[in-house]
Amino acid sequence: MTTGQKGMEMYAECAVEEPLSDDQSSNDIESNQPEVERGRWSAKLDYMLSMIGYCVGLGNIWRFPYLCMRNGGGAFLIPFLFFLLAAGLPLYFMEVSLGQFTGRGCFHVWEASPIFKGIGVGMFNVLFVVTLYYNIINTWTLYYLGSSFISPLPWTGCDNDWNTPRCFHRSSIMTQRIDNDTGYDLYNASSTILQDHNATVSSVIKASSNSTTSQEEFWFHRVLTISRGLDEVGGLNWQLTLCFLGAWLVVFLCLIKGVKSLGKVVYVTATLPYLLLAVILIKGLTLPGAVDGILFYIRPDFNKLANVQVWLEAGLQVFYSLGPGWGPLITMASYNKFRNNCYRDAVTLTFISEGTSIFGGFAIFTIVGFMAHQAGKPVDEVVQAGPGLAYLVYPEALSQLPFPNLWAVVFFVMLFTVGLDSQFATVEACMTAVSDIVPSMRRRKALLAFLTCSFFVLTGLILCTKSGLYIFQLLDWYIAAFSLPVFALLECIVFGWIYGADNLSRDIEMMLGRGVPVYMRIMWCIVTPVILTLLLISTIYTYRPPMVGDYTYPLYARAIGWLVAALPLIPIPVCALHAVRKSPGNTWFQRFYSSFQPSDKWKPISARACEKYKVDNKLFRGGFKAVVLRNLLGKNS
């Protein structure tokens, strides 16, 4: 079939397997077996809590408060809210709409413009690598959680077999202040992951120092048993390995029935962090110096807003904390009912997720203020971002409280549940991508979960070796540094201009009963792409090679890192060439043109909507002015 034969409009072939429509009762489920096989959220709250769990990640706890403090306190909320409304919310809404409309994962949504199918493959590659190494963070937390039941807390003494003669313990620790920080986070998966490039897990190694604190020695010599470099792999740390297996066992049990079991687990894992943060905040407010810490956190310095770097960091924080651009948002929304109000959900979820960052900052800074008071130091000389806060600074602060073991357990349970929710989202997205390609696996959810978790356990064991930290840092540094902004930018171009915001708005209107606001169209087509371009440029401009303390990665390791960075991007041109070859047309130009147009597989998941579905299939019909009017304002020429 040539491009001309396809005509101005395409009527998508409706699915033979009809999904459960919204007006069908639960008694009709048996007559819609194919949809039951794939799964669906049992209740709306299951979905909402799962999305909150994904978006509220470790960066909300250990990254945002530091950024806010360093970049003008309360004044930092101005650029933060700007980027939330101009980039975060539009991208979030776009992705959940695509997932809900198609009822499929990150592979299928690119049927809207098959030449860009490589983006879906690239998203899966990011998911794969992040899932491979992210659970080691939960492993570290689980190790600390287990150690919290030992009295006295093992990181408070220097008479243990892992301590060195240089060890000392002090009642307060003044950590290194981190400047020129331009880091990012995948998760906040929810999102992912370690948002601070300078505040790496080992940024507090002081190789030239004559002494090390008991907290540092517990972290490096006991938990990590760290070697001198990437070349010294060493054997497995058996205690860390057991924690690694335990963390993956929890993930497997929680995902054994797919979204059905996940939707119930998040009632605990997504709500418990809020309860525990509130407990820590209440306790923190009773400590001396807590008010000073909070005031330091929120005191506005509007002069900081004149600094471009402040705005860039706000944009990066919003982008990486909400987690668009790599698939989990699409995947989680694909299990929604077709007529679910995804616009209202997107607004609610983005503000809850980012509001958690602000709330978490109060809990963190009450303790930081207490530490500064105890040390007799200014707050800005005590505060630190990143894992150093979670595994060095905060454990020291907890050891000074009454009943330190109790507070250590509370804190690390909170961290573990936050990390688990992020891990759930990435593993479920990987499983969904596989089951969408191999539908027979939908009937074998437990087997799919077992095979997936077993694979990641075996491939991730190297992170439990003495060089595990170096491998972790190398993967974390490169995997999403450049690919995620590229994916999100292309997403805006494809669905804003090529498929068209006008078509996407009509798709969304089929679900919601009303079109997309003009504000959202303008963001998709103009403002958000510009912001993402600036963030991508700033990421490239501020790039620097990874380091772990004073250790510099050898040249071959950095070459491997660049290969990791290229892994998500390579499928884009490869799949584009394949799509052009497979597209209908008598000439290469016709096939190239046709590859930009929606395929026959692009259709709504609802059979009722599919019967009358059509999409404007003519690229750039009516010239530039008509395209702008249609996509920005919804006006036909």
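This is a predicted model, so every value here is computed, not measured.

## With respect to the overall build of the protein chain
When helices and strands are tallied, the protein chain shows 27 helices and 6 strands. Put simply, the protein chain has 637 residues, and 62% of those count as buried.

## Remarks on empty space enclosed by the protein
Within this model, the second largest cavity holds a volume of roughly 110 Å³. Around the second largest cavity sit Arg38, Gly258, Val259, Tyr335, Glu428, Met431, Thr432, Ser435, Met441, Arg442, Lys445 and Leu448, which together line it. Of all elements in the fold, only helix H17 (404–437) and helix H18 (445–460) reach the threshold of two or more residues within the lining of the second largest cavity. The dominant element in the lining of the second largest cavity, judged by the number of residues it contributes, is H17, at 4 residues. Along the lines of polarity and charge, the residues of the lining of the second largest cavity split into 5 nonpolar, 3 polar and 4 charged.

## Some words on the environment of leucine 420
Considering the arrangement of structural elements, one finds leucine 420 in helix H17. Residue leucine 420 is classed as buried on the basis of its relative accessible area, which comes to 4%. It is 7.5 Å that separates the C-alpha atoms of leucine 420 and threonine 269, two residues lying 151 residues apart in sequence. If near-sequence neighbours (up to four positions away) are discounted, leucine 420 is found in contact with Asn138, Val250 and Val251.

## Remarks on the packing of aromatic side chains
Applying the stated rule across the entire model yields 52 aromatic pairs. Aromatic side chains phenylalanine 83 and tryptophan 311 sit 6.3 Å apart centroid to centroid with 70° between the ring planes, which places their arrangement in the edge-to-face category. Under the relative-accessibility criterion, tryptophan 311 is labelled partly exposed at 27%. Over the ring of tryptophan 588 we find arginine 591; its NZ or CZ atom is 4.9 Å from the centre of that ring.

## Notes on the pattern of salt bridges
Pairs can form between side chains of opposite charge once their charged atoms are near each other. Inspection of every chain in the model, using the stated rule, returns 8 salt bridges. Residue aspartate 502 pairs with arginine 521 through a salt bridge whose shortest N-O separation is 3.9 Å. Remark: arginine 521 occurs in helix H22 (residues 518–541) and aspartate 502 occurs in helix H21 (residues 501–512); sequence separation between them is 19 residues. Looking at aspartate 502, the relative accessible area reads 10%, which means it is buried.

## Description of the side chain of threonine 331
By the secondary structure assignment, threonine 331 is in helix H14 (residues 328–333). Leave out the neighbours within four places in its chain, and threonine 331 touches Gly105, Cys106, Glu428, Ala429 and Thr432.

## Brief notes about the nonpolar core
Generally speaking, soluble globular proteins have nonpolar side chains that are buried together. Counting 191 residues, the largest nonpolar core has Phe93, Trp140 and Phe495 as the members making the most contacts within it. Ranked by the residues each element gives to this core, the list is headed by H17, at 18 residues.

## Some remarks on the state of the cysteines
Two cysteines joined by a covalent bond between their sulfur atoms form a disulfide. A full pass over the atoms with the stated rule returns 1 disulfide. In this model cysteine 158 forms its disulfide with cysteine 167; the gap between the sulfur atoms is 2.1 Å. Classification of the bridge connecting cysteine 158 and cysteine 167 rests on its S-S torsion, roughly -70°, and on that basis the disulfide is left-handed. Its relative accessible area of 13% is what places cysteine 167 among the buried residues. No disulfide involves cysteine 106; its sulfur sits 8.3 Å from that of cysteine 430, the nearest cysteine.

## Observations concerning unusual backbone geometry
A cis geometry characterises the amide bond from serine 151 onward to proline 152, with omega recorded as -5°. Within the secondary structure, proline 152 sits in the loop between helix H7 (117–147) and strand S2 (167–168). A positive phi angle, near 40°, is found at threonine 225, a position not held by glycine. With a phi close to 55°, phenylalanine 403 is a non-glycine residue in the positive phi region. You can see phenylalanine 403 is positioned in the loop between helix H16 (387–398) and H17.

## Details of helix H10 (residues 259–269)
Buried within H10 we find Val259, Ser261, Leu262, Gly263, Val265, Val266 and Thr269. Structurally, H10 contributes buried residues whose contacts are with helix H3 (44–55), helix H9 (238–254), helix H11 (272–285), H14 and H17.

## Thoughts on helix H19 (residues 468–478)
Burial of H19 is extensive: 11 of the 11 residues sit out of reach of the surface. On its buried face, H19 is in contact with H7, strand S4 (547–548), strand S5 (551–552) and helix H23 (555–566).

## Quick word on the packing of helix H6 (residues 77–102) against helix H15 (residues 342–375)
For the pair H6 and H15, the least separation of the axes is 9 Å and the interaxial angle reads 140°. With respect to each other, H6 and H15 are oriented oblique. In this structure, the crossing between H6 and H15 has a hand that is right-handed. The residues of H15 that touch H6, namely those facing Leu77, Phe80, Leu84, Leu85, Leu89, Tyr92, Phe93, Val96, Ser97 and Gln100, are Cys342, Tyr343, Ala346, Val347, Leu349, Thr350, Phe351, Glu354 and Ile358. Partitioned by chemical class, the residues of the contact of H6 with H15 number 15 nonpolar, 3 polar and 1 charged.

## Quick word on the confidence of the model for the protein chain
With 83% of its residues at a pLDDT of at least 70, the protein chain reaches an overall mean of 82. No element of the protein chain has a lower mean pLDDT than helix H1 (residues 3–6), which averages 38, and none a higher one than H9, which averages 96. Here residues 1–36 is modelled with pLDDT under 50, and outside its nearest four sequence neighbours on either side it reaches 77 contacts, counting other chains as well. Across residues 171–209, confidence stays below pLDDT 50; counting only partners more than four residues off in sequence or on other chains, it has 175 contacts.

## Some points on the environment of glycine 468
With respect to the helices and strands, the residue glycine 468 is situated in helix H19. Between the alpha carbons of glycine 468 and threonine 225 there is a distance of 9.4 Å; along the sequence they are 243 residues apart. Look past the residues within four positions of glycine 468 in its chain and what remains in contact with it is Ile462 and Leu463.

Rules used in this analysis
- Residues numbered from 1 in each chain as written.
- Predicted model: local features only at pLDDT ≥ 70, side-chain atom pairs only at ≥ 80, totals over all residues.
- Heavy atoms only, no water.
- Helix = DSSP H or I, 4+ residues; strand = E, 2+ residues; numbered from the N terminus.
- Buried < 20%, exposed > 50% of the residue type's maximum accessible area, 1.4 Å probe, protein only.
- 1 Å grid on protein atoms, 1.4 Å probe; cavity = no way out; pocket = protein on both sides within 12 Å on 5 of 7 lines; lining within 4 Å.
- Points joined across faces, edges and corners; volume = space filled by probe spheres on them.
- Nonpolar A, V, L, I, M, F, W, Y, C, P; charged D, E, K, R; others polar.
- Contact = heavy atoms within 4.5 Å.
- Phe/Tyr/Trp six-rings, centres within 6.5 Å; stacked < 30°, edge-to-face > 60°.
- Lys NZ or Arg CZ within 6 Å of the ring centre and 35° of its normal.
- Salt bridge = Lys/Arg side-chain N within 4 Å of Asp/Glu carboxyl O.
- Core = buried A, V, L, I, M, F, W, Y, C linked by side-chain atoms within 4.5 Å.
- Disulfide = S-S within 2.5 Å.
- Axes fitted to C-alpha atoms, helices over the stretch in contact; angles between N-to-C directions.
- Parallel < 35°, antiparallel > 145°, perpendicular 65-115°, else oblique.
- Left-handed = near helix turned anticlockwise from the far one by under 90°.
- pLDDT = per-residue confidence, 0-100.

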